[in-house]
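# Structural features, examined
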Amino acid sequence: MFFPSRNKGLERLKAFAPHSGREYARLRNYDLGQGRHAHVSGLSPYLRHRLISEEEVLRTVLSHHSRSSAEKFVHEVFWRSYWKGWLELRPKVWAQYRAGLARALNRTKTESGVRRQWEDACRGETGIDCFDHWAKELRATGYLHNHARMWFASIWIHTLNLPWELGADFFLRHLLDGDPASNTLGWRWVGGLQTIGKTYLARPENIRQYTKNRFYPKGLAGTAQPLYSDGHPPRGQAPQNIDWRPSGRVGVLVHDDDLNLKPLFKSGACPVSFTRLLTCEQRSPLAISEDVIGFAKNALEDTANRWAERIGEDGGLHTTLDPILSWAKNYELDQVVTSYGSTGPAKEVLDDLETRLLPLNISLVRVVNPYDSMTWPRATHGFFRFKDNIPAFLDEMGI
Ligand SMILES: Cc1cc2nc3c(=O)[nH]c(=O)nc-3n(C[C@H](O)[C@H](O)[C@H](O)COP(=O)(O)OP(=O)(O)OC[C@H]3O[C@@H](n4cnc5c(N)ncnc54)[C@H](O)[C@@H]3O)c2cc1C
């Protein structure tokens, strides 16, 4: 379904753009089943790795429709930017998720009931037919419709009473678009941790209507109690875009969190070499699906091939930092330049790399994409306040 190349992402965008106006607003909530998701774009695996950019998607969509007819689709694209900005301003929420996941995984080792239920849920063997279908669809395709993600998370938390972190982790291990911000905050929202006290309840009638009678589940929880929250951590600053100038020998580090290399070349760098770093295996302490790894790996290759003439000699594809440090030493680099890796595994790995490059007198320059510098600082409160900025964002991009 999802071939990992920029061209395939652009083809998908071109094909979907005519449908992204009022038709999208009317039909987007219908989940018609595996392989039949024609009412939504399926662009998320491409956007998530920035094989295509938010700006390109918005520009294409708004070349087919007015701002008002495409309002719903445009808002959805900005939901992604909002979640990313929200987490970027509060990275502690990611750390809390990781700690909660470690505790929950521990429970699967010590409580056989939890382990059995968790395994049944991941295999799609709970006896709740829609839930089991979505678990299998996710494993088979690496994708779920947004409404199915909401229903699935709600049943996981409120009917099966499983720890939400195990569900978020199941998604991150299997979604091709697995994203620390949209995923963690989407699960928190369903559990009542994001808009504190406000939960999302999957209702049989709603599922029947929006799956076009494919499912009408029995036995779902009739109420959804919010999970315990001690509030949001204090808000920090969004990462600043530094005025980067190449100095000495420059190497490029290409990673799967942001494959848009254009902003790296604004300063006229002439890199001697590049290397590729795969970070997606760090999305979970458990094994990530082969499809997720395959998508990210091939997306990295596609990017390297497209930029081959600008980024110097090939320093190979790596999943750990030791060979990256050897690469930087062998090429006698003074600077390693890379796209900013957002809060989650990419940032963790790049923080570690920066610390290890320092004693070698090599600096790590992380370039923040201008779209992120524009949107992230605005994710201070709820989406409704954030979305008031959308006309100004579009104006600023000249769309
Ligand atoms: C529990 C849960 C977990 C989720 N996990 C992820 C995840 O790991 N990665 C991810 O990219 N999205 C996640 N989402 C958001 C959303 O479900 C997907 O982005 C969307 O389904 C992708 O399919 P699409 O490209 O066909 O969407 P379309 O409806 O065609 O939307 C176009 C684009 O807008 C953005 N978008 C749409 N809906 C949302 C949303 N609710 N939140 C954020 N961005 C949105 C996506 O980039 C998407 O590609 C999650 C939602 C929930 C409820």
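The rules behind the values
- Residues numbered from 1 in each chain as written.
- Predicted model: local features only at pLDDT ≥ 70, side-chain atom pairs only at ≥ 80, totals over all residues.
- Heavy atoms only, no water.
- Helix = DSSP H or I, 4+ residues; strand = E, 2+ residues; numbered from the N terminus.
- Buried < 20%, exposed > 50% of the residue type's maximum accessible area, 1.4 Å probe, protein only.
- Polar contact = N/O pair within 3.5 Å; in protein donor to acceptor, adjacent residues only side chain to side chain.
- Contact = heavy atoms within 4.5 Å.
- 1 Å grid on protein atoms, 1.4 Å probe; cavity = no way out; pocket = protein on both sides within 12 Å on 5 of 7 lines; lining within 4 Å.
- Points joined across faces, edges and corners; volume = space filled by probe spheres on them.
- Domains from an automatic or database assignment.
- UniProt positions renumbered as here; feature names shortened; annotations may be inferred.
- Near = heavy atom within 4 Å.
- Areas by Shrake-Rupley, 256 points an atom, 1.4 Å probe, with all protein chains shown as cover.
- Sits in = over half its atoms within 2 Å of the grid points.
- Nonpolar A, V, L, I, M, F, W, Y, C, P; charged D, E, K, R; others polar.
- Pairing = 2+ DSSP bridges.
- Right-handed = clockwise from strand over helix to strand, strands pointing away.

As annotated in an unreviewed UniProt entry, the protein carries the name DNA photolyase and comes from Roseovarius bejariae.

By the secondary structure assignment, Arg48 is in helix α3 (residues 44-48). Under the relative-accessibility criterion, Arg48 is labelled buried at 4%. At 2.7 Å, the side chain of Arg48 and the backbone oxygen of Gly178 are in polar contact. Apart from the residues within four sequence positions on either side, Arg48 is in contact with Arg80, Leu176, Asp177, Gly178, Asp179, Pro180, Asp256, Asp257 and Arg283.

This part covers the layout of surface pockets. In this model, the largest pocket occupies a volume close to 1400 Å³. For the largest pocket, the lining is made up of 47 residues, of which Arg28, Glu76, Trp79, Trp83 and Asn146 are closest to its centre. Among the secondary structure elements, those contributing two or more residues to the lining of the largest pocket are α3, α5 (71-89), α9 (146-159), α11 (180-191) and α17 (383-387). Sorting elements by how many residues they give to the lining of the largest pocket places α5 first, with 10 residues. Each of domain 1 (6-89 + 375-396) and domain 2 (92-210) contributes no fewer than three residues to the lining of the largest pocket.

Here we take up the UniProt feature "binding site: FAD" (unreviewed entry) in the protein. The UniProt entry lists Tyr24, Phe73, Asp177, Gly178 and Asp179 under the feature "binding site: FAD" (unreviewed entry), expressed in the numbering used here. Spanning 156 residues, the annotated positions stay apart in the fold, the maximum distance between their C-alpha atoms being 23.1 Å. Those annotated residues that line the largest pocket are Tyr24, Phe73, Asp177 and Asp179. Looking at the element boundaries, Phe73 is found in helix α5. Residues in contact with Phe73, not counting those within four places in the same chain, are Phe16, Ser20, Tyr24, Ser41, Leu43, Val57 and Val61. When you line up the elements, Asp179 lands in the loop between α10 (164-174) and α11. Overall, Asp179 belongs to the buried group, its relative accessible area being 2%. The residues contacting Asp179, other than those within four sequence positions of it, are Arg48, Arg80, Lys84, Leu172 and Thr184.

Before going further, it helps to spend a moment on the site of the ligand. Taken together, the neighbourhood of the ligand is formed by 27 residues, with Tyr24, Ser41, Gly42, Tyr143 and Asn146 sitting nearest. Here an oxygen atom of the ligand sits 3.1 Å away from a polar atom, N or O, in the main chain of Ser44. Between the ligand and Arg80, the relevant distance is 3.4 Å, taken from a nitrogen atom to a main-chain nitrogen or oxygen of the residue. Summarising the interface, the protein chains cover 96% of the accessible area of the ligand, which totals 830 Å² for the free molecule. Using a 2 Å cut-off from the grid points, one finds that the ligand occupies the largest pocket. For the shell around the ligand, the secondary-structure elements that each account for two or more residues are α3, α5, α9 and α11. In terms of residue count, the dominant contributor to the shell around the ligand is α5 (six residues). Residue composition of the shell around the ligand, grouped by class: 14 nonpolar, eight polar and five charged. When residues of the shell around the ligand are assigned to domains, at least three fall in each of domain 1 (6-89 + 375-396) and domain 2 (92-210).

Turning our attention to the pairing of strand β2 (residues 273-277). β2 sits mainly inside the fold: five of its five residues count as buried. Burial of the side chains of β2 extends over both faces: Ser273, Thr275 and Leu277 are buried on one face and Phe274 and Arg276 on the other. Pairing analysis gives five bridges linking strand β1 (residues 250-255) to β2, with the strands arranged parallel. Pairing of Val254 across the sheet is with Arg276, part of β2. For the crossover that starts at β2, traverses helix α13 (residues 290-307) and ends in the parallel strand β3 (residues 313-318), the hand is right-handed.

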